[in-house]
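# Architecture and fold: a report
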Amino acid sequence: MRIAILISGRGSNMRALLDAAKAPDFPADVALVLSNKPDAAGLQVAADAGFATAIVDHKVFGRDREAFERAMQAELEKARVELVCLAGFMRLLTPWFVSTWHNRLVNIHPSLLPAFKGLDTHQRALDAGVTEHGCTVHLVRPEMDTGPVLGQAKVTVAPGDDAARLAARVLEAEHLLYPRALEGYIRGLEDGGVTVEGDAVAGITPVLLDYGRTGPANR
């Protein structure tokens with residue numbers, strides 16, 4: 001399956017997906033890495049690794065979000081993309097774009113959804129006193145940080161954690177989770193065994209990882 005990865009910055013989750021895609025048995029080829037920021041560091045990383053890149057600068061379109069997305073859509077169509085992965089893409093998407101890619105638009109969010117939607121998830125988790133935090137791979141819906149879950153990784157909150165230390169461990173878990181959850185979903189799509197009903201994905205088992213305090217207990 002031909003996939004695109006949308007980024008806005010350094011693209012650390014992009015790197016995890018690019019590395020996974022190099023494996024001969026991974027069920028996807030990265031057809032395009034696209035950024036809304038011309039200076040995104042991840043663009044050079046992708047280009048150096050031999051992947052096609054494109055830039056659609058959102059600033060050119062002012063407040064016309066749909067015009068920006070239609071320009072992105074043109075690039076995706078040109079690259080014959082079949083599924084889109086968001087990897088640190090820092091733009092809210094309109095219902096038009098989300099519906100255009102219904103059930104073919106995947107995101108990773110740094111919390112155990114439905115907890116802590118939005119930004120500053122790590123500090124909010126610490127402020128709430130939770131003992132487990134983590135990340136979620138999910139299909140995108142028009143409402144922010146909602147949609148059927150494809151996988152989650154739990155990270156134990158350690159005594160003395162601050163937001164930076166917790167964020168670093170969650171990011172490591174993201175790099176493990178995203179390729180595995182994406183692979184499972186794509187394989188399910190290809191063999192016809194996946195159906196999406198409401199907020200549930202049937203036909204595959206969501207990936208569940210326990211990253212603990214220091215590393216993965218289940219790879």
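In the block above lies the structure referred to throughout.
The text that follows walks through the structure, step by step, so that each part is easy to find. In this text the structure is predicted, and so the values were computed from the model without any measurement.

Conventions used here
Residues numbered from 1 in each chain as written. Predicted model: local features only at pLDDT ≥ 70, side-chain atom pairs only at ≥ 80, totals over all residues. Heavy atoms only, no water. Axes fitted to C-alpha atoms, helices over the stretch in contact; angles between N-to-C directions. Helix = DSSP H or I, 4+ residues; strand = E, 2+ residues; numbered from the N terminus. Left-handed = near helix turned anticlockwise from the far one by under 90°. Contact = heavy atoms within 4.5 Å. Nonpolar A, V, L, I, M, F, W, Y, C, P; charged D, E, K, R; others polar. Buried < 20%, exposed > 50% of the residue type's maximum accessible area, 1.4 Å probe, protein only. Pairing = 2+ DSSP bridges. Right-handed = clockwise from strand over helix to strand, strands pointing away. Core = buried A, V, L, I, M, F, W, Y, C linked by side-chain atoms within 4.5 Å. 1 Å grid on protein atoms, 1.4 Å probe; cavity = no way out; pocket = protein on both sides within 12 Å on 5 of 7 lines; lining within 4 Å. Points joined across faces, edges and corners; volume = space filled by probe spheres on them. Phe/Tyr/Trp six-rings, centres within 6.5 Å; stacked < 30°, edge-to-face > 60°. Lys NZ or Arg CZ within 6 Å of the ring centre and 35° of its normal. Disulfide = S-S within 2.5 Å.

### So, the packing of helix 5 (residues 121–128) against helix 6 (residues 163–191)
It is the contact of helix 5 with helix 6, at a shortest axis distance of 9 Å, that shows an interaxial angle of 115°. The hand of the helix 5/helix 6 crossing is right-handed. Listed contacts from helix 6 to His122, Gln123 and Leu126 of helix 5 are Ala163, Leu166, Ala167 and Val170. When the residues that make up the contact of helix 5 with helix 6 are grouped by side-chain class, the tally is five nonpolar, two polar and no charged.

### Here's the deal with the pairing of strand 4 (residues 83–86)
With burial as the criterion, each face of strand 4 is covered, one bearing Leu83 and Cys85 and the other bearing Val84 and Leu86. In the sheet, strand 1 (residues 2–7) pairs with strand 4 via four bridges, with the strands oriented parallel. Bridge pairing in strand 4 places Ala4 opposite Val84. Pairing analysis gives three bridges linking strand 4 to strand 5 (residues 105–109), with the strands arranged parallel. In the sheet register, Leu86 faces strand 5, and the bridge partner there is Asn107. Crossover handedness for the path strand 4 to helix 4 (residues 95–100) to strand 5: right-handed.

### Observations regarding the sheet that holds strand 5
Each strand in a sheet pairs with another by means of backbone hydrogen bonds, the pair being arranged parallel or else antiparallel. Sheet architecture is open: eight strands sit in the order 3-2-1-4-5-6-7-10, paired in mixed fashion. At either margin of the open sheet sits one strand with a lone partner, and together these are strand 3 (53–55) and strand 10 (207–212). Across this sheet, the average inter-strand angle for adjacent strands is 20°, counted without regard to direction. Across seven bridges, the pairing between strand 6 (residues 132–139) and strand 7 (residues 149–156) is antiparallel. Counted as the bridge partner of His133 is Val155 from strand 7.

### Side note on the nonpolar core
Proteins that are soluble and globular tend to have nonpolar side chains buried together. Within the largest apolar cluster, 44 residues are counted, with the highest numbers of intra-cluster contacts made by Ile3, Ile5, Leu83, Leu150 and Leu182. Counting residues per element, this core draws most heavily on helix 6, at nine residues. Not counting residues up to four positions away in its chain, the partners in contact with Ile3 are Ala28, Asp29, Val30, Ala31, Leu32, Val81, Leu83, Cys85, Leu182 and Ile186. Membership of the second largest hydrophobic core comes to 21 residues, among which are Phe68, Phe97, Val98 and Trp101.

### Notes on the layout of surface pockets
In this structure, the largest pocket spans a volume of roughly 930 Å³. The wall of the largest pocket is formed by 38 residues, among which Gly88, Phe89, Met90, Asn107 and Ile108 lie closest to the centre. Going through the elements one at a time, helix 1 (12–21), strand 5, helix 5 and helix 6 are the ones with two or more residues in the lining of the largest pocket. Here the residues of the lining of the largest pocket sort into 17 nonpolar, 13 polar and eight charged.

### Re the packing of aromatic side chains
In total, this model carries two aromatic pairs according to the counting rule given. With a centroid separation of 6.3 Å and 55° between ring planes, the pair formed by Trp96 and Phe97 is classed as tilted. We classify Phe97 as buried; its relative accessible area is 0%. The aromatic ring of Phe68 is capped on one face by Arg91, whose charged end is 5.9 Å from the ring centroid.

### Digging into the state of the cysteines
Within this structure, the stated rule accounts for zero disulfides. No disulfide involves Cys85; its sulfur sits 15 Å from the nearest other cysteine sulfur, which is in Cys135.

So far we have only geometry, and geometry alone does not tell us how the molecule works.
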